[in-house]
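The lines below spell out each chain.
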Amino acid sequence: MSGAGHNSGDFDVIVRGGLWFDGTGAPGVIRNLGIRDGVVVTATPDDLPAGPDTEVIDAHGRWVMPGFVDTHTHYDAEVLVGPGLPESVRHGVTTVLMGNCSISTVFVPPVDAADLFSRVEALPREHVLSALEKSRTWRTPREYIEALNTLPLGPNVTAFVGHSDIRASVMGLGRSTEAANRPTRAELADIDARVEDALDAGFLGVSTMTNPWDKMDGDRYRSRTLPSTHASWSEFRRLHKILRRRGRTLQAVPNLNTKYDVAFFALASTGIGRKPMKTSVLAAADTKAERWVNRIFGPIAFAANRIGKGAFRWQHLPTTFEVYSDGIDLVVFEEFGSGRAALHLQDELARNDLLSDEAYRRWFRQDFEKKFSPRVWHRDFDDTRIVECPDASLVGRSIGDVARERRLHPVDTFLDLVVEYGRKFRWHTVIANDRAKVADRLIRTPGVTVGFSDAGAHLRNMAFYNFAICLLRRVHDAEKKGVHDAGKAGRPFLTLPEAVHKLTGELGDFYGIDAGYLRVGDRADFVVVDPAGLNGDVDAYHEAPLAEFGGIRRMVNRNDRAVAATAVAGRVVFRDGRFVPGYGRTVGTGRFLRAGVEERGPAPIRTPAGEPVA
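Calculation rules
Residues numbered from 1 in each chain as written. Predicted model: local features only at pLDDT ≥ 70, side-chain atom pairs only at ≥ 80, totals over all residues. Heavy atoms only, no water. Helix = DSSP H or I, 4+ residues; strand = E, 2+ residues; numbered from the N terminus. Buried < 20%, exposed > 50% of the residue type's maximum accessible area, 1.4 Å probe, protein only. Contact = heavy atoms within 4.5 Å. Areas by Shrake-Rupley, 256 points an atom, 1.4 Å probe, with all protein chains shown as cover. Lys, Arg positive; Asp, Glu negative; His and termini not counted. Charge placed at Lys NZ, Arg CZ, Asp CG, Glu CD. pLDDT = per-residue confidence, 0-100. Axes fitted to C-alpha atoms, helices over the stretch in contact; angles between N-to-C directions. Parallel < 35°, antiparallel > 145°, perpendicular 65-115°, else oblique. Nonpolar A, V, L, I, M, F, W, Y, C, P; charged D, E, K, R; others polar. Pairing = 2+ DSSP bridges.

1. Notes on the overall build of the protein chain
When helices and strands are tallied, the protein chain shows 21 helices and 23 strands. Its C-alpha atoms put the protein chain at 80 × 60 × 50 Å along the principal axes. Within the protein chain, buried positions represent 61% of all 614 residues. Taking contacts inside the protein chain between residues at least 6 apart in sequence as the whole, the part at least 24 apart equals 75%. When the accessible surface of the protein chain is split by element, carbon and sulfur atoms take 52% of a total near 22,800 Å². For the protein chain, the separation between the mean place of its 80 positive charges and that of its 79 negative charges on side chains is 5 Å.

2. Regarding unusual backbone geometry
A cis geometry characterises the amide bond from Leu282 onward to Ala283, with omega recorded as -25 degrees. Looking at where Ala283 falls in the secondary structure, it is placed in the loop between strand S12 (278-281) and helix H11 (297-307). Of note in this structure, Arg407 is not a glycine but carries a positive phi near 60 degrees. Secondary-structure assignment places Arg407 in the loop between helix H15 (399-406) and helix H16 (410-421). Note on Arg407: relative accessible area 79%, which makes it exposed. If you check the backbone angles, His458 has positive phi at about 50 degrees while not being a glycine. Checked against the element boundaries, His458 lands in the loop between strand S17 (448-450) and helix H18 (467-484).

3. Re the confidence of the model for the protein chain
Confidence in the prediction for the protein chain averages 94 pLDDT; 95% of positions are at 70 or higher. Every residue in residues 607-614 scores below 50 in pLDDT, and together they form 14 contacts with partners more than four places removed in sequence or on other chains.

4. Re the packing of helix H5 (residues 141-149) against helix H8 (residues 185-201)
At a minimum axis distance of 8 Å, the contact between H5 and H8 shows a crossing angle of 40 degrees. With respect to H8, the element H5 is oriented oblique. Across the interface between the two elements, Pro141, Arg142 and Ile145 from H5 touch Asp197, Ala198, Asp200 and Ala201 from H8. Across the contact of H5 with H8, the residue classes tally to four nonpolar, no polar and three charged.

5. Thoughts on the pairing of strand S1 (residues 13-20)
Counting buried positions over the eight residues of S1 gives six, a clear majority of the element. In this sheet, strand S4 (residues 55-58) lies alongside S1 in parallel orientation, the contact comprising four bridges. For Val15, the partnering residue across the bridge sits in S4 and is Ile57. The pairing of S1 with strand S2 (residues 29-36) spans six bridges and is classified as antiparallel. The partner of Val15 across the bridge, within S2, is Leu33. Pairing geometry for S1 and strand S5 (residues 63-66), over two bridges, is parallel.

In structure tokens:
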């Protein structure tokens, strides 16, 4: 538990009297932590002397734990212009994984990357393109990592290389998004070589996508599905062979229409007679649209891991999956043809003409009412709430209620509201994870890991930057109930040490990165959580402008009473609701974490120009 050296002034940071969790799943113990040169050098019940320059955090009555690992983000463009990534760090996240869902910015030129990202992740294309055009200096994966490490990064970052990124860079974006085209032998060899190059540089693995709902942006190939959706199974097997041999990870989004390729990914992860392949798949969720689906995640993971000796994991969002939409600008409308036709049109006047056409409305109603079509969205306009509208009398009501008042079909009412008010008509619904008992069962199911925050994407639709705080609140509430009603409640669905492990060490271990632990000798990435702040603020709605993307007001979370402090590499960057001066501009504490490499000590502090700060 203890390290040597308690001399006065010996520590850069002391964290006093907190309930310390090291990320292994071990019970918390009251300890004083001493941190020097970005590393935890002691954890002791003894008092630690502070020198004149030591920063002291009083953690009495609070929890001290490793910084959270966010395994599913789309910060690939934002990190280039806003490298502090404050919306994650203020919620205790100290490591983020980028390059998910087959899309990264490593190989393709900026205009292709903007077309790949913007519609899929609901990001303003012009700002994504601008960020890439201003920042791109790299030609190789290794140069990409070097470019990120010159930025004043707030958290640590690491990344997958995207299958669509690689495929488009080899075949050209046009050819790679046409179903009739297949890569030549030479192109397949080039794809393999680029994967190997990325893994050599330290990337986690490859991300892929077979779901056809996600579409291209821009004018050249608009509404085509992503390049990875056109890959053959033989092409996938080549990628899997490389990842299996190298011990790296496949992150996958399956086809949500047919769903059968989940079995393909689960089978690919198995290790009978071969080395297993680490595979992380979206998403274990209790969707309102298909209530039965939540029952399949455990058996699939059991079959792949216990029977097949594999390394298969589901990603799970440990909070209610609620979304907001400005008019029809929501990814769930990509699920069916009439919705895709509307989202294909970028011009609002042309879109309104389409939405007003009676033949189109018949088509939309038919799509909407299909009982057995694959879906994630429940398509129930009674299960909605209007939150903003120029007609204030509609605010707080459901679209279904307005339809009954107007004696119209709910679809017609919805389309009328979109035509009349456009993006000023804002509404809310819950997609998944609304049943507490099912959510509790899912989070403790073997083979289910925490993920899928989508941080940095869908800026106007959802905000799960505080996913870890949401889980800790649920666990804390359950433990309090157990204390006050022990005879009935029994053991909580997850203990606090188990929850901390699932948010930290479990993820660092699976993805093979130096993150998720706070033991003596570990890099001092940590968060101090005040359990008194785990209250209704966790669920409250907030917006904040994102200056780097033209001031768009994105959805955020604000529960600063819960997170008392966040530190990266031994430097406290967020404390008592405030970031240190210069954070993300002249102060940077994070670095790129390479797979399988220990990253100890403080990261270089750099200016935006890449020069070290004295």
